[in-house]
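# Survey of secondary and tertiary structure
Residues per chain are reported as follows:
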Amino acid sequence: MRKTVCSFLVVVAMALCASTVKAQQNAKGLKDAYAGYFDVGVAVNMRNIADEQQIALIKREFNSITAENAMKPGSVHPSKDRWNWREADSVADFCRRNGLKLRGHCLMWHNQIGRWMYQDSQGNLLSKEEFYQNMKEHIFTVVNRYKDVVYAWDVVNEAISDGNGPYRNTPMYQIAGDEFIKMAFIWAHEADPNAVLFYNDYNAAIPEKRNRIYNMIKKLKAEGAPIHAVGMQGHYSIYGPRIEDVDVAIQKYSELVSTIHITELDLRANQEMGGDLNLSTEGVQITPEVKARFEKQYVDLFKVLRKHKQVVRCVTFWNLSDKDSWVGERNYPLLFDAKYQPKDAYHLVKNFNPKEE
Ligand code: XIL
């Protein structure tokens, strides 16, 4: 009798596993395959959200949106008294219309920001008071405008240095030290107490930079900055970072915050990594070896991200297809090729086997 019950239970368990695997394979898009793990997002440009086929692809695959450029300080607020809402509004409306989540990117960054924010017309740095006035006005206005649809903000982007650290020596840092980072979070929180507030950076899995980011968040949180979450950009390559480093970085950051997003995922086919805007878009020849590395890096990375599903709540690809990619189509960086067709890597990422984890 006991034996019969046991074999019955084994059969039931096998059937359940088989049905989970099947559900995985029948999943419509990435967002469906990853329901129960994390949201899957995409950064969009203006063409992506105007073209019917691309819209259909976005809606099938993704459930979170980031504006690739439209919400950056330089786009919405090119000079002190000028606001330019057209593109940011159309991304926000696209999300409202289609019931998609929207990550706000970004409030404070040293790139793509009007110089007026921190210097006068002669090029001299503003006083801290004037800088803070500009920053506060900027943050309040943008956060207020989109608070019905933006649920998370990259409040400060890339404030940690790559070389001589810990902080990047930007004009904003020169004016106010790391206090400007704290104030940005305080004002974003005041403007929308419901928004999840991120510190966002690249190479955030590389141990040295990871430690700097970790120490900064710890310090500023102790001083009262409402930093809720870490955005690991994820501009990776097929050669790095080591997946073990991603694993450890997620563990370390989760000591400080309960939410981590991969905010800007792509994998270059050359050796470069990171968020430097002066990147080479030359790419390499996609040999079978390169393709195999590309697939392995994606598969291994997603395995680690799934392992951390309690804290990793969203993974956003930086661009829809290789054709749209800021690192250039010859770098072969995304899961959709330049013709918007899924690559083999797409199926490998999507049809994972939950049983094997
Ligand atoms: C990039 C955009 O993709 C490009 O179109 C733009 O020319 C430069 O910025 N880190 C970030 C993103 O936080 O905002 C950057 O996006 C890529 C690096």
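Here the structure is shown first, and the text comes after it.
Read on for a plain summary of the structure. These numbers come from a predicted model, not from an experiment. (Residues numbered from 1 in each chain as written. Predicted model: local features only at pLDDT ≥ 70, side-chain atom pairs only at ≥ 80, totals over all residues. Heavy atoms only, no water.)

Bringing the side chain of His105 into the picture now. For His105, the location among the structural elements is in strand E3 (residues 101-108). Take His105: its relative accessible area is 1%, and that puts it in the buried class. Within polar-contact distance, the side chain of His105 engages the side chain of Asp154 at 2.9 Å. (Helix = DSSP H or I, 4+ residues; strand = E, 2+ residues; numbered from the N terminus. Buried < 20%, exposed > 50% of the residue type's maximum accessible area, 1.4 Å probe, protein only. Polar contact = N/O pair within 3.5 Å; in protein donor to acceptor, adjacent residues only side chain to side chain.)

This paragraph deals with the packing of aromatic side chains. In this description, a pair of aromatic rings is defined by centroid distance and the angle of the planes. With the rule as written, the count across this model stands at 19 aromatic pairs. Where Trp83 meets Trp85, the ring centres are 4.9 Å apart and the plane angle is 5°; that geometry is what we call stacked. Residue classification places Trp83 among the partly exposed residues on the basis of a relative accessible area of 24%. Summarising the aromatic geometry, the rings of Phe294 and Tyr298 are spaced 5.1 Å apart at their centres and angled 85° between planes, so their arrangement reads as edge-to-face. (Phe/Tyr/Trp six-rings, centres within 6.5 Å; stacked < 30°, edge-to-face > 60°.)

A word on helix H5 (residues 86-98). Three- or four-residue spacings in an α-helix give side chains the same orientation, since the helix completes a turn every 3.6 residues. An ideal rise of 1.5 Å per residue puts 18 Å on 13 residues; H5 measures up with 18 Å between its terminal C-alpha atoms. All of the buried residues in H5 are Ala88, Val91, Ala92, Phe94 and Cys95. All buried residues of H5 project into a common sector of 150° when viewed along the axis, lining one side. The exposed residues of H5 that point more than 90 degrees off its buried face are Arg86 and Arg97. Of the residues one or two after H5, Gly99 is the one with positive phi, at around 60°. (Expected span 1.5 Å × (residues − 1). Arc of directions from axis to C-beta.)

Taken as a whole and assessed by the stated rule, the structure comprises 23 salt bridges. The salt bridge involving Glu87 is made with Arg86; its shortest N-O contact spans 3.9 Å. Judged by its relative accessible area of 62%, Arg86 is exposed. Its salt-bridge partner being Arg168, residue Asp162 comes within 3.8 Å of it at the nearest N-O pair. Judged by its relative accessible area of 17%, Arg168 falls in the buried class. Among the charged side chains, a network of salt bridges with common partners joins Asp162, Arg168, Asp201 and Lys209. (Salt bridge = Lys/Arg side-chain N within 4 Å of Asp/Glu carboxyl O.)

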